[in-house]
Amino acid sequence: MTSTLAAALAGDGKRTAPPIGEDILAHIGCTPLVRLNRIPQSLGVKATVYVKCEFFNAGGSVKDRIAKRMVLEAEKSGRIKPGDTLIEPTSGNTGIGLALVGAVRGYRTIITLPEKMSAEKVAVLRALGAEIVRTPTEAAWDAPESHIGVAKRLQQEIPNSHILDQYCNVDNPLAHEYGTAEEIWEQTGGKVDMLVAGAGTGGTVTGIARGLRKHHPGIKIIAADPHGSVLALPEDLNKSTEGYKVEGIGYDFIPDVLDRELIDKWYKTGDKESFAFARRLIKEEGLLVGGSSGSAMAAAMQEAKGLKEGDVVVVVLPDSIRSYLSKFADDDWMVNNDFMTADELEKPDASKS
Ligand code: PMP
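Here the structure is a predicted model, which means the values were calculated and not measured. (Residues numbered from 1 in each chain as written. Predicted model: local features only at pLDDT ≥ 70, side-chain atom pairs only at ≥ 80, totals over all residues. Heavy atoms only, no water.)

So what exactly am I meant to see when it comes to the packing of aromatic side chains here?
Here the distance between the centres and the angle between the planes together describe a pair of aromatic rings. In total, this model carries 10 aromatic pairs according to the counting rule given. Ring geometry for Phe55 versus Phe56: centroids 5.2 Å apart, planes at 45 degrees, classification tilted. (Phe/Tyr/Trp six-rings, centres within 6.5 Å; stacked < 30°, edge-to-face > 60°.)

Quick look at the structure:
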């Protein structure tokens with residue numbers, strides 16, 4: 001038996017099963033940290049690269065953490081009570097998190113969602129009992145027809161309704177400062193030199209940066225922002241005005257919860273490299289991730305080339321392939337959108353070149 005196989009089998013025997021949860025919200029947070037064994041090595045990266053597998057959260061994404069914290073803290077302060085209506089503008093995952101927490105704790109949820117977001121996310125939202133309003137993807141954030149504008153209008157019309165507002169709510173970054181960051185510190189045994197995450201609202205990268213810097217002020221924080229978004233610094237990185245197909249990261253305004261000054265370096269990422277890396281994470285590492293995980297990996301692999309053996313990198317993988325079965329996970333979709341050629345499909349390793 002190989003030593004790796006023996007260790008894996010012995011490890012299985014020693015694992016303790018989690019205790020019975022009072023409800024499924026007990027399974028938000030405490031996600032696995034897993035070492036990458038192929039992709040960094042194939043690119044000549046000497047550092048050890050771990051990935052934080054947020055698709056293990058109960059609702060399937062990193063955003064379950066903020067949904068749970070925003071609802072429970074709002075209940076604690078008396079702002080909301082079961083039976084009320086929660087309205088949220090989202091790219092889908094916060095909506096799924098809120099609909100799940102809403103199902104468990106007794107809230108009606110209405111989600112305003114740009115047309116761009118996948119049919120799979122809509123199906124999950126519907127299954128959780130959420131009501132969905134689709135809005136034009138191209139609407140500027142401050143236009144009345146945008147997902148944010150429509151949510152505000154509905155909130156004025158519906159009694160006992162609330163927008164917890166992930167873009168401004170301090171419990172968004174706090175969920176990561178007190179949750180995700182502490183888990184990473186504990187799981188790495190206090191040895192982490194660089195953290196890489198994509199930015200949408202920016203809550204993930206801001207909260208993790210604050211949390212990890214309490215332990216290690218010198219940690220390097222790297223963020224990924226798609227071409228066509230305006231979140232990166234310096235500003236001249238944000239020249240492109242193209243649309244992009246990766247879901248969940250990038251915006252046309254700077255959310256209040258994003259503290260751009262905490263980020264040491266921004267990488268602008270393209271759809272093609274993001275989907276190529278997401279497909280490699282799935283195929284070569286067995287990690288069933290979504291497209292923005294590929295964006296974070298693209299940034300991480302560039303920056304990690306400057307690190308040495310023994311350095312430790314953690315990359316946040318925000319969500320799951322589940323939401324993209326008809327998109328980047330589908331070969332025909334990749335070819336039809338010019339992200340791959342039919343020829344490359346025959347050669348699974350083409351994305352390495
Ligand atoms: N990836 C995906 C798939 C997401 O849904 C989100 C949330 N919009 C992010 C990354 C970015 O997370 P955050 O909003 O915390 O920056």
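Looking at this structure, I do not really get the nonpolar core. What am I missing?
Where a protein is soluble and globular, its nonpolar side chains tend to be buried together. Counting 40 residues, the largest nonpolar core has Leu287, Val313 and Val315 as the members making the most contacts within it. Listed by contribution, the elements that provide at least two residues to this core are β2 (48–53), β7 (194–198), β8 (220–226), α9 (271–285), α10 (291–304), β10 (312–317) and α11 (331–336). Per-element accounting of this core gives the leading share, 7 residues, to α10. When sequence neighbours within four positions are dropped, the list of residues in contact with Val313 reads Ala47, Thr48, Val49, Tyr50, Met194, Val196, Ala304 and Leu307. Core analysis: the next-biggest nonpolar cluster, separate from the first, contains 27 residues, Ile184, Val205, Leu231 and Val314 among them. (Core = buried A, V, L, I, M, F, W, Y, C linked by side-chain atoms within 4.5 Å. Buried < 20%, exposed > 50% of the residue type's maximum accessible area, 1.4 Å probe, protein only. Helix = DSSP H or I, 4+ residues; strand = E, 2+ residues; numbered from the N terminus. Contact = heavy atoms within 4.5 Å.)

Can you help me understand the site of the ligand in this one?
The full set close to the ligand counts 16 residues, and Lys63, Gly200, Thr201, Thr204 and Ser292 are the nearest of them. Between the ligand and Thr201, the relevant distance is 2.7 Å, taken from an oxygen atom to a side-chain nitrogen or oxygen of the residue. Separating an oxygen atom of the ligand from a backbone N or O atom of Gly202 is a distance of 2.8 Å. Relative to its unbound accessible area of 390 Å², the ligand is 98% covered by the protein chains. The class makeup of the residues in the shell around the ligand is 4 nonpolar, 9 polar and 3 charged. (Near = heavy atom within 4 Å. Polar contact = N/O pair within 3.5 Å; in protein donor to acceptor, adjacent residues only side chain to side chain. Areas by Shrake-Rupley, 256 points an atom, 1.4 Å probe, with all protein chains shown as cover. Nonpolar A, V, L, I, M, F, W, Y, C, P; charged D, E, K, R; others polar.)

Explain the packing of helix α3 (residues 63–76) against helix α7 (residues 171–187) to me, please; I cannot follow it from the model alone.
A packed helix pair is summarised by two numbers, namely the angle formed by the two axes and the spacing between the axes. Contact pair α3 / α7: the axes reach a minimum separation of 8 Å and the direction vectors enclose 125 degrees. When the interaxial angle is binned, α3 and α7 end up oblique. When you trace α3 past α7, the crossing you get is right-handed. Along its contact with α3, which presents Lys63, Arg65, Ile66, Arg69, Met70 and Glu73, the element α7 presents Asp171, Asn172, Leu174, Ala175, His176, Tyr178, Gly179, Thr180 and Glu183. Split by residue class, the contact of α3 with α7 holds 5 nonpolar, 4 polar and 6 charged. (Axes fitted to C-alpha atoms, helices over the stretch in contact; angles between N-to-C directions. Parallel < 35°, antiparallel > 145°, perpendicular 65-115°, else oblique. Left-handed = near helix turned anticlockwise from the far one by under 90°.)

Would you explain the pattern of salt bridges in this entry?
Opposite charge on two side chains makes pairing possible when the charged atoms of those side chains draw close. One pass over the structure, following the stated rule, counts 22 salt bridges. One salt bridge in this structure joins Arg69 and Asp171, with 2.9 Å as the shortest N-O distance. Taken together, the residues Arg69 in helix α3 and Asp171 in helix α7 connect sequence positions 102 residues apart. Members of the salt-bridge network, linked through shared partners, are Lys52, Glu54, Arg65 and Glu183. (Salt bridge = Lys/Arg side-chain N within 4 Å of Asp/Glu carboxyl O.)

Teacher, can you tell me more about the state of the cysteines here?
Here a disulfide denotes a covalent bond joining the sulfur atom of one cysteine to the sulfur atom of another. All told, the structure shown has 0 disulfides when counted by the stated rule. No disulfide involves Cys30; its sulfur sits 14 Å from that of Cys53, the nearest cysteine. For Cys30, a relative accessible area of 70% puts it in the exposed group. (Disulfide = S-S within 2.5 Å.)

I tried to follow α9 on my own but got confused; where do I start?
Residues separated by three or four positions in an α-helix point in the same direction, a consequence of the helix having 3.6 residues per turn. For α9, with 15 residues, the first-to-last C-alpha span of 20 Å sits near the 21 Å given by 1.5 Å per residue. Burial analysis of α9 places 11 of its 15 residues in the buried class, the great majority of the element. Backbone geometry just after α9 places Gly286 at a positive phi near 70 degrees. (Expected span 1.5 Å × (residues − 1).)

I would appreciate a short explanation of unusual backbone geometry in the present structure.
Excluding glycine, most residues fall at negative phi; most peptide bonds, likewise, are trans. For the bond running from Leu233 to Pro234, omega is -5 degrees, close enough to zero to count as cis. Despite not being glycine, Asn160 shows a phi value in the positive range, around 50 degrees. Mapped onto the fold, Asn160 is located in the loop between α6 (147–157) and β6 (161–163). The class of Asn160 is exposed, set by a relative accessible area of 52%.

Teacher, can you tell me more about the sheet that holds strand β5 (residues 131–135) here?
Two modes of strand pairing occur in sheets, parallel and antiparallel, and in both the strands are linked by backbone hydrogen bonds. The strand order across the open sheet formed by 4 strands is β5-β4-β3-β6, and the pairing between neighbours is parallel. Either end of the sheet is taken by a strand with one partner, and the two such strands are β5 and β6. Strand-to-strand twist of the sheet, defined as the mean angle between neighbouring strand axes without regard to direction, takes the value 20 degrees. With 5 bridges connecting them, strand β4 (residues 108–114) and β5 associate as parallel partners. The residue of β5 that forms the bridge with Pro114 is Thr135. Set on the sheet, α6 makes contact with β3 (85–89), β4, β5 and β6; between it and β4 the angle comes to about 150 degrees. (Pairing = 2+ DSSP bridges.)

What should I look at first to understand the packing of α7 against helix α8 (residues 203–215) in this one?
The N-to-C vectors of α7 and α8 enclose an angle of 50 degrees; their axes lie 7 Å apart at closest approach. Taken together, the axes of α7 and α8 lie oblique to each other. Note that α7 runs across α8; the crossing there is right-handed. In this structure, α7 uses Asn172, Pro173, His176, Glu177, Tyr178, Thr180, Ala181, Glu182, Ile184 and Trp185 to contact α8, whose residues at the interface are Gly203, Thr204, Thr206, Gly207, Ile208, Arg210, Gly211, Leu212, Lys214 and His215. The class makeup of the residues in the contact of α7 with α8 is 7 nonpolar, 9 polar and 4 charged.

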